[in-house]
Amino acid sequence: MSMNRPTDLYHHLVSRLAKKRPVSEPARHARRALQNRPRLSLSNTVMALSVVFLFLPLVVIVVFSFNRAKGMVWTGFSTGWYEKLFLDSDKLWSSFSNSLIIALASAGTATVLGTLAAIGVNWYRFKFRTYIQTISFLPMILPEVILGISMLIFFSAVNLPLGMMTIYIAHTSFCLPFVFLMVLARLDEFDFSIIEASRDLGATERQTLFKVIIPAVLPGILSAFLMSVTLSLEDFVITFFVSGPGSTTLPLYVFSMVRYGISPVINALSLVLILGTMIIAFALRNFLKSIAASK
Amino acid sequence: MKAGKTLAGRNYGPAYSYPMGLWFTVFFLLPILIIVVYSFLKKGLHGGVEWDFSLNAYVQMFQSSYAKLFVRTLWVTLLSTIISIVLALPCGYAMARSKYQTLLLFLIIIPFWTNSLIRINAWIAILGNEGFINVTLRNLGLITDGLPLLYTQSAVVLVLVYMYLPYAILPIFTAMDKFDFSLLEAARDLGATKPQSMFKVLLPNIRSGIVTAVIFTFIPIFGAYTVPLLVGGKDSYMIGNVIVDQVTKVRNWPLASAFSLVITVFSTAGVLWMIGTSARESARKKTSAGVQEAVQ
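Every value quoted in this text rests on a predicted model; they were computed, and no experiment measured them. (Residues numbered from 1 in each chain as written. Chains lettered and ligands numbered in written order. Predicted model: local features only at pLDDT ≥ 70, side-chain atom pairs only at ≥ 80, totals over all residues.)

**Examining the overall build of chain B**
Here is step 1 of the chain: Across its full length, chain B carries 13 helices and two strands.
Here is step 2 of the chain: Here the C-alpha radius of gyration of chain B, 24 Å, is well above what a compact globule of 296 residues would show, namely 19 Å.
Here is step 3 of the chain: Across its three principal axes, chain B shows a C-alpha extent of roughly 75 × 70 × 35 Å.
Here is step 4 of the chain: The buried share of chain B, reckoned over its 296 residues, is 45%. (Helix = DSSP H or I, 4+ residues; strand = E, 2+ residues; numbered from the N terminus. Rg over C-alpha atoms; globule rule 2.2 N^0.38 Å. Buried ≥ 20, exposed ≤ 12 C-beta atoms within 10 Å, placed from the backbone.)

**Section: the interface of chain B and chain A**
Here is step 1 of the chain: With 94 residues of chain B in contact, the opposing surface of chain A contributes 85 residues.
Here is step 2 of the chain: The element that contributes the greatest number of residues to the side of chain B that touches chain A is helix H1 (residues 13-39) of chain B, accounting for 18 residues.
Here is step 3 of the chain: Per-class residue counts for the side of chain B that touches chain A are 66 nonpolar, 22 polar and six charged. (Contact = placed C-beta atoms within 7 Å. Nonpolar A, V, L, I, M, F, W, Y, C, P; charged D, E, K, R; others polar.)

**Some points on the confidence of the model for chain B**
Here is step 1 of the chain: Residues of chain B with pLDDT of at least 70 account for 93%, and the chain-wide mean is 86.
Here is step 2 of the chain: At the level of chain-chain contacts, confidence expressed as ipTM amounts to 0.85, with global pTM at 0.85. (pLDDT = per-residue confidence, 0-100.)

**Observations regarding the environment of leucine 184 of chain B**
All names here are of chain B.
Here is step 1 of the chain: Following the sequence through the fold, leucine 184 ends up in helix H8 (residues 182-189).
Here is step 2 of the chain: On a C-alpha basis, the gap between leucine 184 and valine 135 in space is 48 Å, while along the polypeptide they are 49 residues apart.
Here is step 3 of the chain: Dropping the residues within four chain positions of it, leucine 184 is found in contact with Ser197, Val201 and Leu202.

**A short note on the nonpolar core**
Here is step 1 of the chain: Grouped together as the largest cluster of nonpolar side chains are 162 residues, with contacts concentrated most on Val159, Leu160, Ile172 and Val231 of chain B.
Here is step 2 of the chain: Among the elements that line this core, the one with the most residues is helix H7 (residues 153-178) of chain B, at 18 residues.
Here is step 3 of the chain: Both of domain 1 (6-78) and domain 2 (84-294) of chain A provide at least three residues apiece to this core.
Here is step 4 of the chain: Setting aside anything within four residues of it in sequence, one finds leucine 160 of chain B in contact with Ser80, Ile221, Ala224 and Val227 of chain B. (Core = buried A, V, L, I, M, F, W, Y, C linked by C-beta atoms within 7 Å. Domains from an automatic or database assignment.)

**Describing the domain arrangement of chain A**
Often, the extent of an interface is quoted as the loss of accessible area on bringing the components together.
All names here are of chain A.
Here is step 1 of the chain: As far as domains go, chain A holds domain 1 (6-78) and domain 2 (84-294).
Here is step 2 of the chain: If you look at the interface, domain 1 gives six residues, while domain 2 gives six residues.
Here is step 3 of the chain: The class makeup of the residues in the side of domain 1 that touches domain 2 is four nonpolar, one polar and one charged.

**As for unusual backbone geometry**
Here is step 1 of the chain: A positive phi angle is found at phenylalanine 128 of chain A, which is not glycine, with a value near 70°.
Here is step 2 of the chain: As for its placement among the helices and strands, phenylalanine 128 of chain A is situated in the loop between helix H5 (90-123) and helix H6 (129-141).

Structure representation (C-alpha cells):
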C-alpha cells in the first residue's frame, strides 16, 4: 500500500497501534459479562471529569454568592447579596423586564413563522423551496459578531433607530432557524396518512392545520418556543450591536457589571439564572435528544 | 418520496413558507449583501461610507499587523477546537452507551444554556489575581505572589474550551447514539484489537458527527468576541475584537465589512463541507443497504 493519501497514513498508524495480540473470544465474553455495570473506563472517566469541569465554575460562584464579604475569601454565611439583588437593583430588574418582553415577542414571532414554514417545506413542493431551506440554515452557523455587525449596518442603512424594535428583529432572526429545524424534525416523524384521512373526511386546509397538524406537533412547537426564549434571554453579542439608548437587556447589564467593577450581586444573580436554566431544561427533558441533534 | 405531491387540491406551500423566506431575505440576506457592497466603498469621515468604489479595505486587510492577528486567531481557534473534540469523543461515547442518557444530557445542557457572561464572570472570579485559586494558594502558604492566570492566552483557550465543549459533545453524542455498538463486538470477534475497533469501525461511522462538531466549535470560536475581551490580555485580541473595534471605535465600516465577508465565506465553505460529508455518508449507507438487500 502506498502512503500517498493522509488516510493511508492514518490506517498505517492504526495498525501500528494495534500490535497488541487480540484477547481470545471466550475470555473477552467472560470479561464483558462481568463488566455489565458502570465501570471506570477511560471514556467514563473523561465524561465524569468533563461534567466536573463544566460545573466547577458554577459551583464556586454559587458558594461565594453566600459569602459575607466581597472577595473570594470565605468570611461567613450571609444572604446579603441576595437581599441587594432582589430589593436594591432596580436597573437590573428593568433590564430583565426588557429582556423578557423581547424574548417573548421574538420567540412568539419565530415560533409562528418557523412552524408554518416547516409545515410548508415538509409537505409541499414549490418555487424557492431550496432557497428557503438553505437560507434558514445559514444564520445558525455564522459567528454572532458577523450577524450583529451586518444587522447594525443594515439598520443604519435603512435609518431604523436602534432600540427595542431592532433587538426584536435581530432576536427573531437568530431564533427562527432553531424553530424551523426542530419542528421539521418533528414533522419528519409524523404519519402523513393522518392528514390524508382528515382530507378524505372533508376537512379544509385550515381545519387540517389547526385540528390535526398543530396538535400533533405541539410538543415540538412548545419546545422550540422555550428554546427560543432561552436563546433570546441569554444573547449578548448580537444585542450589543443592535441595542440603543434605553433598551438595555439583562446580558448587556451583566456585561457592564463584569467589565466595570465586579459586584457580588452578579454571583447572586448567577444562582437565579442557573436555577431558571434548570427549570427550562427540565421542562424540555423529553426533547433534549432532539435539541442535541439540531445543534 | 415525500407524499406532498399526492396531496389533492391547492399548493399551500408558498402561503406557509414565504413569510419566513421573506423575513430571512430582508433581515439576513440583505444585510449580508450590504456588507458586500460596503466592503468596496470608501470610509466615511464620521462612520458610515462614501459612495465611491475603492479597494482600500482589502488592501488594509493585508497589513502585517492583521496578518499576525489572523495567524493568532487561527492558532487559538485550532487549539481550542482540537482540545474540545478530543474531550468530546470519549464523552459522546460514554453518553451513548450510558443508561443515564437523559441525566447526562441534562448535565451538559445546564452549563451550556446558562448565560455566557455569568460563566465568564465565574472564571474571572476563579482565575483573577484576587480570585479563588490565588487566594486559596496564598492562604495555604504555597505561593506569596499572585499567579498571573487571568488575562493570558491560556486563560482564553481554557475558557473557550469551556464555552464550546458542549457544542462538540452534542453532535458527537447524536452520531454515536445512532451507531450500532454490536459492530464493535463483531470487529473484536473477528480478531481486531480494541484500538483497531475504535479507529477502524467506530470513528469512520461517526464521521459526519465529528465534522458537525468541528464546524460548530471552529466557526463560533473563530468569531469569538466576549471571551478574548474579558479574560484575555492586550495581546490575545482575536479577529472578532478587531471587527468590533472597527465598527464601534475606529468607525471604519468598509474594513469591518471586508473582515466580516471573509469570515462569512469561510463559514459557508465549512458548512458546505459538512453537508457534503453527511450526504456522502448517507449515500454510502444507502448503497450498502442496497447491496445487503440484493444479497438476501
